[in-house]
Number of protein chains: 4
Amino acid sequence: MSLKRKLRYGMVGGGPDAFIGNVHRMAASLDGTMELVAGAFSSDPEKSKIQGELLGLSPSRSYPSYAEMAEAEAVRNDKIDFVSIVTPNHMHFPVAKTFLEAGFHVVCDKPMTNTLEDAEELCQLVQKHDRVFALTHNYTGYPMVKQARAMVLSGKLGVVRKIVVEYPQGWLATPLELSGHKQAGWRTDPKRAGAGALGDIGSHAENLARYVTGLELEEICADVTSFVDGRIIDDDVNMLVHYQGGAKGVLHASQISIGEENNLNIRVHGETGSLQWFQEHPNWLYYRALDGPEQVLKRGNDYLDNSAKHNTRLPSGHPEAFLEAFANIYLNAGKTIAAHLSGETPDPHDLDFPTVQDGARGVHFILTALMSGQRRGWINAKYTPPT
Amino acid sequence: MSLKRKLRYGMVGGGPDAFIGNVHRMAASLDGTMELVAGAFSSDPEKSKIQGELLGLSPSRSYPSYAEMAEAEAVRNDKIDFVSIVTPNHMHFPVAKTFLEAGFHVVCDKPMTNTLEDAEELCQLVQKHDRVFALTHNYTGYPMVKQARAMVLSGKLGVVRKIVVEYPQGWLATPLELSGHKQAGWRTDPKRAGAGALGDIGSHAENLARYVTGLELEEICADVTSFVDGRIIDDDVNMLVHYQGGAKGVLHASQISIGEENNLNIRVHGETGSLQWFQEHPNWLYYRALDGPEQVLKRGNDYLDNSAKHNTRLPSGHPEAFLEAFANIYLNAGKTIAAHLSGETPDPHDLDFPTVQDGARGVHFILTALMSGQRRGWINAKYTPPT
Amino acid sequence: MSLKRKLRYGMVGGGPDAFIGNVHRMAASLDGTMELVAGAFSSDPEKSKIQGELLGLSPSRSYPSYAEMAEAEAVRNDKIDFVSIVTPNHMHFPVAKTFLEAGFHVVCDKPMTNTLEDAEELCQLVQKHDRVFALTHNYTGYPMVKQARAMVLSGKLGVVRKIVVEYPQGWLATPLELSGHKQAGWRTDPKRAGAGALGDIGSHAENLARYVTGLELEEICADVTSFVDGRIIDDDVNMLVHYQGGAKGVLHASQISIGEENNLNIRVHGETGSLQWFQEHPNWLYYRALDGPEQVLKRGNDYLDNSAKHNTRLPSGHPEAFLEAFANIYLNAGKTIAAHLSGETPDPHDLDFPTVQDGARGVHFILTALMSGQRRGWINAKYTPPT
Amino acid sequence: MSLKRKLRYGMVGGGPDAFIGNVHRMAASLDGTMELVAGAFSSDPEKSKIQGELLGLSPSRSYPSYAEMAEAEAVRNDKIDFVSIVTPNHMHFPVAKTFLEAGFHVVCDKPMTNTLEDAEELCQLVQKHDRVFALTHNYTGYPMVKQARAMVLSGKLGVVRKIVVEYPQGWLATPLELSGHKQAGWRTDPKRAGAGALGDIGSHAENLARYVTGLELEEICADVTSFVDGRIIDDDVNMLVHYQGGAKGVLHASQISIGEENNLNIRVHGETGSLQWFQEHPNWLYYRALDGPEQVLKRGNDYLDNSAKHNTRLPSGHPEAFLEAFANIYLNAGKTIAAHLSGETPDPHDLDFPTVQDGARGVHFILTALMSGQRRGWINAKYTPPT
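Described below are features of the structure shown in this document. (Residues numbered from 1 in each chain as written. Chains lettered and ligands numbered in written order. Predicted model: local features only at pLDDT ≥ 70, side-chain atom pairs only at ≥ 80, totals over all residues. Heavy atoms only, no water.)

### Section: the overall build of chain A
- Tallying secondary structure elements over chain A gives 12 helices and 14 strands in all.
- For 387 residues, the compact-globule formula gives about 21 Å, and the C-alpha radius of gyration of chain A, at 20 Å, lands near that figure.
- On the principal axes, the C-alpha backbone points of chain A span a range of 60 × 50 × 40 Å.
- Taking all 387 residues of chain A together, 65% fall into the buried category.
- Counted over contacts in chain A with a minimum sequence separation of 6, partners at least 24 positions apart contribute 69%. (Helix = DSSP H or I, 4+ residues; strand = E, 2+ residues; numbered from the N terminus. Rg over C-alpha atoms; globule rule 2.2 N^0.38 Å. Buried < 20%, exposed > 50% of the residue type's maximum accessible area, 1.4 Å probe, protein only. Contact = heavy atoms within 4.5 Å.)

Structure follows, in structure tokens:
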């Protein structure tokens, strides 16, 4: 990589009460390859300013709005290289559009947009302006998820038959949004979140299954529920899924499964072998062949695929976790941005991050699942985003 | 219990190559309360005779057919008290009917029958002849399953919202039935088995969920598949389920999930707490309340419910497993039979075994799920068996 | 096996309040190959009689004392084939001696005796009278323990370097013996138990390590403690151990480790691989080679050693546990006794049970560890029992 | 905290091939509160310069030696606030001494020194120059370790009786040092490492037990071994330990336990409860009381102690791991250094990092264990470092 300096980035969203903004900042800073230099951290200019101070930014680069930030940064010599968008969901689209049109590369939280039209417009903008766009489906950043993908794609499991992917949480089992909890507030508000469990975590589950197996959905039959009294948005979803090539499966996500913290997990069963992975114990991957003992593959070992090794920082037994996986999205996207800035071709491993097309697929999935739930039946789920 | 002798029982099925017959015999003999004295172990009289010899039976009580056995035993002074039916599924009905009409109590393997008409006729015969009928849904014999049931029924979890019950196996991931494997042979033959994964293990999953929560199904939407080339019968099923009272969930069962051995497991999520149990590690039950740490309840401890204690033999840490759970069906049914023979009222704990009505419910579930799969949609699953 | 009948056995000990007597009876009856026909169940003749009734024995064979039982049985035509001794430890020797001298085969609980002299006399009596003697170090009856042994002895791990064997329990963390608890009473009484944690469970740990690795002790350095106020006997022991051939390790056992139930476990590390096994999850065995993923070997699979298969009853995923392991001691010893009665040579697999020499080694270990603890230092632990 | 800027630090050691240097840098940068501005990364000036370039340092601050670095930095206006020492063990002392005498605060890897004299001199220098000194016993940085400590110190377990602490690894099971492996090279060289398994990881085990329980050692009896042919330094150590107040236990550490990656773990058994924690699954802590089910405490929950919450960054279920724990040492030490620079009193939670006295205790432990191994017996292990 011939860019001889750290990347500079700005952030939209991620104010004092936000959870995910700080996660993005830690992920971005972990490897010492990029630094935060600008931000519009809140729709409240005062809060944005305070957050900028806490983060040690130059006061001139704590902006009162994302629009002013895009405009001002675009004309600086030391302008940001990319923007990180960590707002509630409904703001992803206008912010991303604004920065893409201002010529910036983008890292954006998921789900990408609340409508498919917006998602497809972003695809087109990325194409038109030739920018790097990374969507933080962070769970695909785990090394052992990459190992799983490598094993499936190399044929180690044979033709995939069954996929079970789950994302149970329990934190919204009570009407937490009524107590002034900021996270719960916007995530259960249809205007800001779009969808509930389906958008927040169901989309991660779909993305994980697609990433690991390389398989697109063909049709789904969803059962979408709001369990908590007074909640409009879904907080639980179960669905039957069919993938291209004949694989079938189950996808379920929940925010009312008490005792579950963040238990994203996946099982892939092929004609000759199976895999299983749990996000809460992410350094281990279980592989079972038709014959022979179960194998427990552990991060950091020589026997792993290069894609896993490329995304690991610590020796085996020194556990990595959520932040390192998240940081892999930033690290790989950052290297790709740096290559772009230097006019170089990025290392293929550096291109291993979720794209704007992944984002559009996720939006299509969410909307299709909601529609299936309303119709109480199977529904076509095939989709090809603009490229 | 005033019956001063061991119970005597006969067996139909359970010849030399059978798996489940030997399980029944070990389960029956574990506690030293009953002894096998007669049998029609095979449709091949010669095999039946050989098996009787191996088991140390009197030659006169190794019968060439179940019909002859019922007839001959009925007139003996030392006749059997009950018959244990461990044939392939399609023979459960004629054998059970024959023995009920000959006045015998019955222990029968599951699924009970291949048609609902047969199942309902058995319900009526049990009622008419006032016999004890126990169905070996053995997984409900585990003490920690009884603990789970006690906790749900006592309201410890609040209103149940979500139930996830799984029964993955992998042993039929290849066309094992083509290799002369006896078990695989009849279990994949629609004439003898009725249904495949759905009947063999899906019915256990449904029964387990119903036993633990006390909830009946309202509607289901099933996806039923035969994955292995040339196999007619289902070897994988995924379904969305709605229970009475508003609980929703997922039930899936599979015989093609490589690496899974016999991983029946259940999660029940209520408004105030959750439970999780795994058949392969059956001595532990996980309980999570809205607040506070997860709890791991372990078999054999004072803090457990009496229903769990009543069905346990060993101190904590001395693991019990499959055979003890199976034996609990025999032990409880046997005590109920003994009470019947003595004209006594059985201890309520002894009545804790699956009944002929449970069998009819299971048959209805299997047939409804098959129909849902054919129709590709939601289908009413409510059912009340004759009593 | 040409013995065409069930074996007949009698029991000494195992009265109404005993724990281990019922375990022995369930283990003996599991396979339907032997039946209990006589007993001296208690030092209190009345209790012995009541227990005999409860167990359905002929009243004439519920004896008031073991001595009368040995004398009376010896002259019956249908006399017992063997005696099962399940008394407190101090009675093992006189009972075993009496029955050996009366010509009976013996199954005896552990530790075998309280003195080395007694242990060695039993070795000599077994030899002199040519009887079968099985000691119920039941944990070596687990199939996956046999698998571990097969792997170590076949050289799969290379030369053994390190052995860590643990047996933590917590049930005596309080002075339970002061509350009238029968089990706690005799097990903490030096006169009846000999040693405490060391004898009751430390001896299992030593036996397990020896069985799995085939290695004898060379020297030990023990730290023996009575933690609970007022308790004379040891309730916790930690020791450094050296085995023949250069292996080193740690052995610790405890009855005051709160929360531990019966967590016997072992790790064996060789020059080229390692094994780990836990009694509380006994169906799985962990194997790690120098290279490659960890392997989880699971009971019931084709890839296991014949010694494991020979001692298994159920298919994989249908967990076996404590009773089946215990029953393997009875089953193998029973087959060996039957062969003896028939004048046949037993199958080598049937000889796989702990012997009187194992018992003498265990007694030597206990006494040596106690001495090391008193001397606060390393002590020679080599020992060869009479054969 | 009134210091309005990031802390500046320099690094000694941590060249291109080093493992731990990069860990320190990631840990330091995670929270965005400090930046690396200077370094003497290698004893080879050319390598130091290259590493400085890779890390984006100003060329003038990539020093050819630590002595030049200390001298040059001391007179800069923008001098480093502290130095991070990540060299092989034998260099810790001269580097730390040099920087302390030049007025810098110090973060130093462990074990602190190879001799007790050096360790005590560092204690005195820290005192004399009133500097902050943090030793990276990083495993005490885990939130759930802090939770364990809070529970023990608050009396939740009652008086501690037994402590089992283990640190097994397998990476040195073969003579890796003969293959040119840099890490293996210096860690098995007595001149550079001082001790082997004992120093590298045994010292972590001792520190962890002391941190969690607050108990000092009284006496130990160690068995110290070099298993691998040709290796001079210890690669395995087992020891019996006595703590003040009557607690006893076992401590063992190994680098030849094949298949073990970095399995530091601890069990603490008190009179009324027990705790267990595993470094490889660091977000969970197991608590068992005398009565009631086992509890699994999970990082990120409200029910945890403030000391755990103070050292956590992510919500429950979003696993934290090794780097976050390591970063907690840097974050807390950094806040303490910042308070020192600002003339403020640090928050008591910020003082929660290992000190120079912890380092001296660790050195004393290592040397005492080596001596006990040589003498083959118990040895006094009491020690009070200079303060």
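### Digging into the interface of chain D and chain C
- Taken residue by residue, the interface counts 44 residues in chain D and 44 residues in chain C.
- Interface area for chain D against chain C, summed over the two sides, is near 3400 Å², with a carbon-plus-sulfur share of 53%.
- Within the residue set of the side of chain D that touches chain C, elements represented by two or more residues are β6 (160-168), β7 (217-225), β8 (236-243), β9 (248-254), β10 (265-270), β11 (273-278) and β12 (284-289) of chain D.
- A class-by-class count of the residues in the side of chain D that touches chain C yields 17 nonpolar, 15 polar and 12 charged. (Buried area = accessible area lost by both parts, 1.4 Å probe. Nonpolar A, V, L, I, M, F, W, Y, C, P; charged D, E, K, R; others polar.)

### Regarding the relation of the copies chain A and chain B
- Mapping chain A onto chain B calls for a screw motion: a turn of 180° about the axis and a shift of 0.0 Å along it, with 0.0 Å RMSD after fitting. Read as a symmetry element, the transformation amounts to a two-fold axis. Scanning chain A for the C-alpha nearest the rotation axis identifies G377 of chain A, at a separation of 2.9 Å.
- Interface residue correspondence from chain A to chain B reaches 100%, placing this contact among same-surface, isologous pairings. (Least-squares fit on C-alpha atoms with pLDDT ≥ 70 in both.)

### Thoughts on the side chain of E320 of chain A
- Secondary-structure assignment places E320 of chain A in the loop between α10 (306-309) and α11 (322-342).
- Take E320 of chain A: its relative accessible area is 3%, and that puts it in the buried class.
- A polar contact of 2.4 Å, which involves the side chain of E320 of chain A, links it to the backbone nitrogen of R313 of chain A.
- If sequence neighbours within four positions are ignored, E320 of chain A has contacts with P143, P282, N283, R299, N311, T312, R313 and L314 of chain A together with A321 of chain D. (Polar contact = N/O pair within 3.5 Å; in protein donor to acceptor, adjacent residues only side chain to side chain.)

### As for the sheet that holds strand β3 (residues 82-86) of chain D
Residue and element names in this part refer to chain D.
- Strand order across the open sheet formed by five strands is β2-β1-β3-β4-β5, with parallel pairing between neighbours. Whereas interior strands pair on both sides, the edge strands pair on one side only; in this sheet they are β2 (34-40) and β5 (133-135). Strand-to-strand twist of the sheet, defined as the mean angle between neighbouring strand axes without regard to direction, takes the value 20°.
- Where strand β1 (residues 7-13) lies against β3, five bridges are found, and the strand directions are parallel. Looking at β3, one finds that G13 is bridged to V86.
- Against the sheet, helix α3 (residues 66-74) makes contact with β1, β2 and β3, and its axis sits at roughly 125° relative to β2, the strand it touches most. (Pairing = 2+ DSSP bridges. Axes fitted to C-alpha atoms, helices over the stretch in contact; angles between N-to-C directions.)

### What about the relation of the copies chain D and chain C?
- For the pair chain D and chain C, the superposition axis carries a translation of 0.0 Å, the fit reaches an RMSD of 0.0 Å, and the rotation angle comes to 180°.
- A share of 100% of the interface residues of chain D reappears at the interface of chain C, consistent with the copies meeting face to face through the same patch.

### Let's talk about the pairing of strand β4 (residues 105-108) of chain D
Residue and element names in this part refer to chain D.
- Both faces of β4 are covered, namely the face carrying H105 and V107 and the face carrying V106 and C108.
- Both β3 and β4 contribute to a ladder of four bridges, which runs parallel. Bridge pairing in β4 places S84 opposite V107.
- With respect to chirality, the unit in which β3 leads through helix α4 (residues 92-101) into the neighbouring parallel β4 is right-handed. (Right-handed = clockwise from strand over helix to strand, strands pointing away.)

### Considerations on empty space enclosed by the protein
- Tallied over the full model, the rule gives 14 cavities of 30 Å³ or more.
- Of the volumes computed, that of the second largest cavity is approximately 150 Å³.
- Taken together, 21 residues form the lining of the second largest cavity, with N283 and P319 of chain A together with E280, H281 and P282 of chain D sitting closest to its centre.
- When its residues are assigned to classes, the lining of the second largest cavity shows eight nonpolar, six polar and seven charged. (1 Å grid on protein atoms, 1.4 Å probe; cavity = no way out; pocket = protein on both sides within 12 Å on 5 of 7 lines; lining within 4 Å. Points joined across faces, edges and corners; volume = space filled by probe spheres on them.)

### A word on the environment of N77 of chain D
Residues and elements named next belong to chain D.
- Considering the arrangement of structural elements, one finds N77 in the loop between α3 and β3.
- On the basis of relative accessibility, which here comes to 83%, the residue N77 falls in the exposed class.
- Taking the C-alpha atoms as reference points, N77 and D118, separated by 41 residues in sequence, lie 31 Å from one another.

### Concerning the interface of chain A and chain B
- With 44 residues of chain A at the contact, the number on the chain B side is 44 residues.
- With both chains or domains summed, chain A and chain B bury close to 3500 Å², and 53% of this area falls on carbon and sulfur atoms.
- Contact with chain B buries area across many residues of chain A, yet R161, I258 and R376 of chain A alone supply 21% of it, more than any other trio.
- At the boundary of chain A with chain B, the tally comes to eight salt bridges. (Salt bridge = Lys/Arg side-chain N within 4 Å of Asp/Glu carboxyl O.)

### Description of the packing of helix α3 (residues 66-74) of chain A against helix α4 (residues 92-101) of chain A
Residues and elements named next belong to chain A.
- In the contact formed by α3 and α4, the axes pass within 10 Å of each other and the chain directions differ by 10°. Classed by the angle they form, the pair α3 and α4 counts as roughly parallel. Two packed elements cross with a definite hand, and for α3 against α4 that hand is right-handed. Contact residues: α3 offers Y66, M69 and A70, while α4 offers P94, V95, T98 and F99.
- When the residues that make up the contact of α3 with α4 are grouped by side-chain class, the tally is six nonpolar, one polar and no charged. (Parallel < 35°, antiparallel > 145°, perpendicular 65-115°, else oblique. Left-handed = near helix turned anticlockwise from the far one by under 90°.)

### Here's the deal with the pairing of strand β13 (residues 294-298) of chain D
- Buried residues dominate β13 of chain D, accounting for four of its five residues.
- Bridge analysis of strand β13 (residues 294-298) of chain B against β13 of chain D gives three bridges, and the strand direction is antiparallel. Within the sheet, the bridge partner assigned to Q295 of chain B lies in β13 of chain D and is Q295 of chain D.
- Here four bridges tie β12 of chain D to β13 of chain D, and the two strands are oriented antiparallel to one another. Each bridged residue has a counterpart across the sheet, and for L285 of chain D the counterpart in β13 of chain D is L297 of chain D.

### Details of the side chain of T225 of chain D
- One can find T225 of chain D in strand β7.
- Overall, T225 of chain D belongs to the buried group, its relative accessible area being 8%.
- Excluding residues within four positions of it along the chain, T225 of chain D makes contact with K248 of chain C together with D234, D235 and D236 of chain D.

### A short note on the pattern of salt bridges
Residues and elements named next belong to chain A.
- Within the structure shown, the criterion is met by 92 salt bridges over all chains.
- With a shortest N-O distance of 3.2 Å, R267 and E166 are connected by a salt bridge. Pair noted here: R267 is in strand β10 (residues 265-270) and E166 is in strand β6 (residues 160-168), with a separation of 101 residues, a long-range link.
- With a relative accessible area of 2%, E166 lands in the buried category.
- Put simply, R61, E73, R76 and D78 are held in one network by salt bridges that share partners.

### Overview of the packing of aromatic side chains
- A complete count under the given rule lists 44 aromatic pairs over all chains for this structure.
- Ring plane angle 55° and centroid distance 5.2 Å describe the contact between Y142 of chain A and W277 of chain A, whose orientation is recorded as tilted. Linking Y142 of chain A in the loop between β5 (133-135) and α6 (143-153) with W277 of chain A in strand β11 (residues 273-278), this pair joins segments that are 135 residues apart in sequence.
- Exposure remark for Y142 of chain A: the relative accessible area of 2% places this residue in the buried category.
- Measuring from centroid to centroid gives 5.8 Å for Y139 of chain B and Y167 of chain B, while their planes differ by 85°, and the two rings are edge-to-face. Taken together, the residues Y139 of chain B in the loop between β5 (133-135) and α6 (143-153) and Y167 of chain B in strand β6 (residues 160-168) connect sequence positions 28 residues apart. Each member of the pair Y139 of chain B and Y167 of chain B is classed as buried.
- Among the aromatic residues, those joined into a ring-pair cluster are Y9, F82, Y139, Y142, Y167, W277, F322, F326 and Y330 of chain A.
- Over the ring of W284 of chain A we find K298 of chain A; its NZ or CZ atom is 4.2 Å from the centre of that ring. (Phe/Tyr/Trp six-rings, centres within 6.5 Å; stacked < 30°, edge-to-face > 60°. Lys NZ or Arg CZ within 6 Å of the ring centre and 35° of its normal.)

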